[in-house]
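Overview (structure and organization)
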Amino acid sequence: DTNVYWEIEKIYNMRAVLSVLMDLLDVDWITIQGEIYGHKIQKRDYGMKDIDFAAFNLITSENGRYGTEEMEEILRDRCGIPCVPIVDSNYMLPDTIDEILEYAGSESSQIDGGMREGVVFRAKDGSDSFKAVSNEYLLKYHG
């Protein structure tokens, strides 16, 4: 049988990437957090026959969490590791949770144009984040 984590490791050669990044960034440890999605992952497969990975955090012993732009430059541009799509880098949070939830379900997924699961709101410096899941998504896939 297969293990999706090992499959992603093989696709992106994660062990080698982590080793190179530790030397490049001169750190004691490094973490890449992300999400595996696609075929047979939860109930939303994005019409994919395989799986893929998108990073959403780069954390090191020396720098803590990297900001979104710096994370993309290091992971995507230097290492070929895909990052989650950035919907709006200048978005201002609305005043109410209802407005946040409406926004979470208001657009299509940037991955396949289908129903969007939700949106992660994140400070540009990476310090704070939270996820708002679309009510419509929850009803369709988990209702």
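Let me begin by describing the structure that accompanies this report. Going along each chain's sequence as written, the residues are numbered from 1 onward. Note on the predicted model: pLDDT of at least 70 is required for a residue's local features to be given, and 80 or more for side-chain atom pairs to be given and counted; whole-chain, interface and lining totals, by contrast, use all residues. Each side-chain value is worked out from all heavy atoms of the structure, with water and hydrogens disregarded.

**Observations concerning the packing of helix H2 (residues 14–25) against helix H3 (residues 68–79)**
All axes are obtained by fitting lines to C-alpha atoms, using only the stretch in contact for helices, and the reported angles, taken between N-to-C directions, cover 0 to 180 degrees. Helix and strand definitions follow DSSP, with helices as H or I runs of at least four residues and strands as E runs of at least two, each counted in order from the N terminus. Direction vectors running N to C along H2 and H3 enclose 125°, while the axes themselves pass 12 Å from each other. Our classification of the angle between H2 and H3 gives oblique. Viewed along their axes, H2 and H3 form a crossing whose handedness is right-handed. Residues Val17, Leu21, Leu24 and Leu25 of H2 touch H3, and the partners they reach there are Ile74, Leu75, Arg78 and Cys79. Orientation categories follow fixed angle ranges, with anything under 35 degrees roughly parallel, anything over 145 roughly antiparallel, 65 to 115 roughly perpendicular, and all other angles oblique. Crossings are classed by handedness, with left-handed meaning an anticlockwise turn of the near helix from the far one by less than a right angle and right-handed meaning a clockwise turn. We call two residues in contact when some of their heavy atoms are within 4.5 Å.

**Notes on H2**
Expected helix span is given by 1.5 Å per residue-to-residue step, counting one fewer step than there are residues. With 12 residues, H2 should reach 16 Å at 1.5 Å per residue; the first-to-last C-alpha distance of 16 Å fits that figure. Those residues of H2 lying buried are Met14, Val17, Leu21 and Leu25. Viewed along the axis of H2, the buried residues span an arc of 55°, placing them on a single side of the element. Seen from the buried face of H2, the exposed residues on the opposite side, beyond 90 degrees, are Arg15, Val20 and Asp23. Asp26 occupies a position one or two residues after H2 and carries a positive phi of about 55°. Think of it in three bands: residues with accessible area under 20% of the maximum for their type are buried, residues over 50% are exposed, and the middle band is partly exposed, with areas taken using a 1.4 Å probe on protein chains only. Here the arc refers to the directions that run from the helix axis out to each C-beta atom.

**Some words on the nonpolar core**
Across soluble globular proteins, nonpolar side chains have a tendency to be buried as a group. Grouped together as the largest cluster of nonpolar side chains are 21 residues, with contacts concentrated most on Leu21, Ile32, Phe53, Leu58, Leu75 and Ile81. Listed by contribution, the elements that provide at least two residues to this core are helix H1 (4–12), H2, strand S1 (30–38), strand S2 (51–60) and H3. Every residue in contact with Leu75, bar those within four places of it in the chain, is listed here: Leu21, Ile32, Ala55, Leu58, Gly80, Ile81 and Cys83. Counting residues in hydrophobic clusters, the runner-up holds six residues, among them Ile100, Tyr103, Val119 and Ala132. Residues grouped as a nonpolar core are buried Ala, Val, Leu, Ile, Met, Phe, Trp, Tyr and Cys residues, joined through side-chain atoms within 4.5 Å.

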